[in-house]
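A look at the structure
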Amino acid sequence: MIKYSEKSREFYLGNEHISYIIGILQNGHLGQYYFGKKVRYREDFSHLFEKIGGEPAITPSTDGKGFSLDMIKQEYPSYGTGDYREPAFAVLQENGSRIVDFKYKSHSIKNEKKKLTGLPAVYANEDDKVETLEIILEDEVIDAELILSYSIFEKYSAIMRNVKIINKGNQKLNIEKIMSASLDLPDSEYILTQLSGAWGRERYVTEREIKRGITVIDSKRGTSSALNNPFISLKRKNTTETSGEIIGLNLIYSGNFSTTVEVDQYDVTRVNIGINHFDFNWLLEPGQEFQSPEAVLVYSDEGINGMSLTFHNLYKNNLIRGKYKNKAKPVLLNNWEGTYFNFNEEKILKIAEDAKKLGVELFVLDDGWFGTRNDDFQGLGDWEPNLEKLPHGIKGLAEKVNQMGMKFGLWFEPEMVNKNSDLYRKHPDWIISTPDRFETPGRHQHTLDLSRKEVADYVYESVARNLRESNIEYVKWDMNRCMTEIYSKGRCACRQKETAHRYILGLYSVLEKITQEFPDVLFESCASGGNRYDPGMLYYMPQTWTSDNTDAVDRLKIQYGTSMVYPVPSPMFP
């Protein structure tokens, strides 16, 4: 599936469906030759190398003979040496320069799909045929390496890409931007599709023809967001549901992301997808490395449906994990809209009895079971049962529901805290907030700083303790606000722009531990409806609350947009 030609210095990745071709350029950088329908392997694809345009006086040439980066399709471009388009990465050095020159050093081809440290990613099953290409680029001046990783399965029309940067030198480097994938396409005859919306109308399909200039689709909210999903597609103008070419890109990440689509002066299209570089910086000390999230690139010549099927099959079989990955989910009833905060054990058991008569298999107790949580102004963060409401605790209630012949599930919102709570009174510095600034509430709550290990450990233990003590077979993991005043009191000034990404890494570490300790629990992700519906969360939780909007007509649009990328087992249909 992956071949390297010493003669032409080209990489070929391909299966029965697609081909992806990279060339090492004369200056040691990588050129993007081709991504699309399968082409037969040959020793030399140099005929696919395109130098767009002529040699105008305003375009620098590295060799004085017309070799200009501004007129070449590149694989992982940088800024400052002749390419004036959006770069894939930016590294600030101690002397104040951002000029880099990463050249080909070496490569390896292996029959494996590596895990990404601290991040969700597509994985290989025992019977999967998969290969991974790692290309090492080196900048000798700053003594740093970029490792570009490409994985291809025999059975999927998809390429998985990620990037790692390693600081092997003695100076501190600041990573200001690092995209997971960059893709230069030969023309601009595409229609851009994005999944955008708001609360209650998540993932509506939005389309437009791409034109010269830059289109940005992103999130700055600390979550992948209901406004823009970390997915786009570029389809030909004659593409339909079942025919025509389309390329889809999806980022396996749950935080701030950015996708840019740029059409240059020669109508070449450049796409970048990765962590949003707005308010982002990562201080890379000597000897340290930084790993990007994984991006999935899908090609189909069988229309939108062909692209969707590739995403669906890949995610069902090689992203979603655990007992419920391809298993029918139990029919459940949640008490929330029946009681809100106003309940006791007797009322809950009566609802459960009626639910059982209707064939419900899983009864879920929602918000209000803990601390002083009698409204949404208080108690969040204090994950001990309220014995005034539930005199036998969660353990006793779960046993009674089980005796009725149903499973028992429980709601948590462990990433958040009310100021009127024992947790906040004990640890007021644990919330994300900026010193001497107003702390903006959202739904009367604040975001716990999961970028700090002690806070992440508290969140993990709060949920795990309840699962250990009671027979809880389902967890609804909610998250009802976006970040503001992003600042961590556990980190120095030079690392504050790391906070949003470190939060996501902290969340992933909590989810990894808790899903490994409780493999038989069905975890459902929820975020004020579909405010964090992305492949990163699907890696940990095989079910996601699609939207708070249950209107049948509205849901036609929501379900259609969601199904463009995400498989049928994952959405929760209320």
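Residues numbered from 1 in each chain as written. Predicted model: local features only at pLDDT ≥ 70, side-chain atom pairs only at ≥ 80, totals over all residues. Heavy atoms only, no water.

Another aspect to go through is the overall build of the protein. A count of helices and strands for the protein gives 9 helices and 29 strands. If you line up the protein on its principal axes, its C-alpha atoms span 85 × 55 × 40 Å. The buried share of the protein, reckoned over its 574 residues, is 61%. Long-range contacts, defined here as pairs at least 24 residues apart, represent 68% of the contacts in the protein between residues at least 6 apart. Carbon and sulfur atoms provide 50% of the accessible area of the protein, an area that totals close to 22400 Å². Across the protein, 71 positive and 82 negative side-chain charges occur, with their mean positions spaced 1 Å apart. (Helix = DSSP H or I, 4+ residues; strand = E, 2+ residues; numbered from the N terminus. Buried < 20%, exposed > 50% of the residue type's maximum accessible area, 1.4 Å probe, protein only. Contact = heavy atoms within 4.5 Å. Areas by Shrake-Rupley, 256 points an atom, 1.4 Å probe, with all protein chains shown as cover. Lys, Arg positive; Asp, Glu negative; His and termini not counted. Charge placed at Lys NZ, Arg CZ, Asp CG, Glu CD.)

A few words on the pairing of strand β15 (residues 246-252). Most of β15 is tucked away: 7 of the 7 residues are buried. Burial along β15 is two-sided: the residues Ile246, Gly248, Asn250 and Ile252 and Ile247, Leu249 and Leu251 are all buried. Bridge count for strand β14 (residues 228-235) against β15 is 5 bridges, and the pairing is antiparallel. Directly across from lysine 235, in β15, lies its bridge partner isoleucine 246. Judged from the 7 bridges that link them, β15 and strand β20 (residues 294-300) form a sheet pairing that is antiparallel. Residue isoleucine 252 lies in a different strand from β20, and its bridge partner there is glutamate 294. (Pairing = 2+ DSSP bridges.)

This part covers the sheet that holds strand β4 (residues 30-37). Strands in a sheet are paired, the pairing made by backbone hydrogen bonds, and the direction either parallel or antiparallel. Ordered by their spatial adjacency, 4 strands build an open sheet running β1-β2-β3-β4, and the pairing between neighbours is antiparallel. Because the sheet does not close on itself, it has two edges, and the strands there are β1 (2-5) and β4. Across the sheet, the mean angle separating the axes of adjacent strands is 15° when strand polarity is ignored. Bridging between β1 and strand β2 (residues 10-14) involves 4 bridges; their strand directions are antiparallel. (Axes fitted to C-alpha atoms, helices over the stretch in contact; angles between N-to-C directions.)

Our focus in this paragraph is the environment of histidine 29. With respect to the helices and strands, the residue histidine 29 is situated in the loop between β3 (18-24) and β4. Taking the C-alpha atoms as reference points, histidine 29 and tyrosine 76, separated by 47 residues in sequence, lie 8.3 Å from one another. In this structure, histidine 29 is in contact with Gly23, Ile24, Leu69, Gln74, Asp101, Phe102 and Lys103, ignoring residues within four places of it in sequence.

Let us look at the packing of aromatic side chains. Enumeration over the complete set of coordinates arrives at 30 aromatic pairs. Between tyrosine 33 and phenylalanine 49, the ring centres sit 6.0 Å apart and the planes meet at 55°, which makes this aromatic pair tilted. Here tyrosine 33 is found in strand β4, whereas its partner phenylalanine 49 is found in the loop between β4 and β5 (89-92), with 16 residues between them in sequence. Taken together, the ring pairs connect Phe231, Phe311, Tyr315, Tyr533 and Tyr566 into an aromatic cluster. Positioned above the aromatic ring of tyrosine 41, the side-chain terminus of lysine 3 is 5.6 Å from the ring centre. The cationic tip of lysine 476 hangs over the ring face of tryptophan 545; the distance from NZ or CZ to the ring centre is 5.1 Å. (Phe/Tyr/Trp six-rings, centres within 6.5 Å; stacked < 30°, edge-to-face > 60°. Lys NZ or Arg CZ within 6 Å of the ring centre and 35° of its normal.)

Right, let's get into the environment of serine 19. Following the sequence through the fold, serine 19 ends up in strand β3. Each C-alpha atom, one on serine 19 and one on glutamate 285, is 38 Å from the other, the two residues being 266 residues apart in sequence. Residues within four places of serine 19 in sequence aside, it is in contact with Tyr12, Leu13, Gly14, Tyr34, Phe35, Gly36, Lys37, Lys38 and Val39. Looking at serine 19, its side chain comes within polar contact range of the side chain of tyrosine 12, at 3.1 Å. (Polar contact = N/O pair within 3.5 Å; in protein donor to acceptor, adjacent residues only side chain to side chain.)

Contact geometry for helix α6 (residues 453-469) and helix α7 (residues 499-517): axes closest at 9 Å, N-to-C directions at 20°. Between α6 and α7, the crossing angle belongs to the class labelled roughly parallel. Of the two elements, α6 crosses α7, and the hand of that crossing is right-handed. Side by side, α6 and α7 meet where Ala456, Asp457, Val459, Tyr460, Val463, Ala464, Leu467 and Arg468 of the first sit next to Gly506, Val510, Lys513, Ile514 and Glu517 of the second. Classifying every residue of the contact of α6 with α7 by side-chain character gives 8 nonpolar, 1 polar and 4 charged. (Parallel < 35°, antiparallel > 145°, perpendicular 65-115°, else oblique. Left-handed = near helix turned anticlockwise from the far one by under 90°. Nonpolar A, V, L, I, M, F, W, Y, C, P; charged D, E, K, R; others polar.)

All right, on to the domain arrangement of the protein then. For the protein, the assigned domains read domain 1 (2-319) and domain 2 (332-519). If you look at the interface, domain 1 gives 19 residues, while domain 2 gives 13 residues. Broken down residue by residue, the surface that domain 1 buries against domain 2 is led by Asp279, Trp282 and Leu283, which jointly contribute 31%. Our count for the contact surface shared by domain 1 and domain 2 stands at 1 salt bridge. At the junction of domain 1 with domain 2, the criterion picks out 6 residue pairs in polar contact (both at pLDDT 80 or more). Class assignment for the residues of the side of domain 1 that touches domain 2 results in 8 nonpolar, 8 polar and 3 charged. (Domains from an automatic or database assignment. Buried area = accessible area lost by both parts, 1.4 Å probe. Salt bridge = Lys/Arg side-chain N within 4 Å of Asp/Glu carboxyl O.)

We now examine the nonpolar core. Counting residues in hydrophobic clusters, the biggest one holds 145 residues, and the most contacted among them are Val296, Leu365 and Trp369. Each of domain 1 (2-319) and domain 2 (332-519) gives at least three residues to this core. Among the nonpolar cores identified, the runner-up in size contains 8 residues, and Tyr12, Leu25, Leu69 and Ile72 belong to it. (Core = buried A, V, L, I, M, F, W, Y, C linked by side-chain atoms within 4.5 Å.)

In this section: the side chain of serine 5. Considering the arrangement of structural elements, one finds serine 5 in strand β1. Given the relative accessible area of 2%, serine 5 is considered buried.

A separate point is the pattern of salt bridges. Pairs can form between side chains of opposite charge whenever their charged atoms are close. Counted according to the given criterion, the structure contains 47 salt bridges. The structure contains a network of salt bridges with shared partners spanning Asp83, Arg85, Asp184, Asp264 and Arg270.

Our focus in this paragraph is unusual backbone geometry. Negative phi is the rule for most residues except glycine; trans is the rule for most peptide bonds. The backbone of aspartate 436 shows a phi angle near 70°, a positive value even though the residue is not glycine. Looking at the secondary structure, you find aspartate 436 in the loop between α5 (422-426) and β25 (446-447). Phi at arginine 443 takes a positive value of approximately 50°, unusual for a residue other than glycine. Turning to its location among the elements, arginine 443 is positioned in the loop between α5 and β25.

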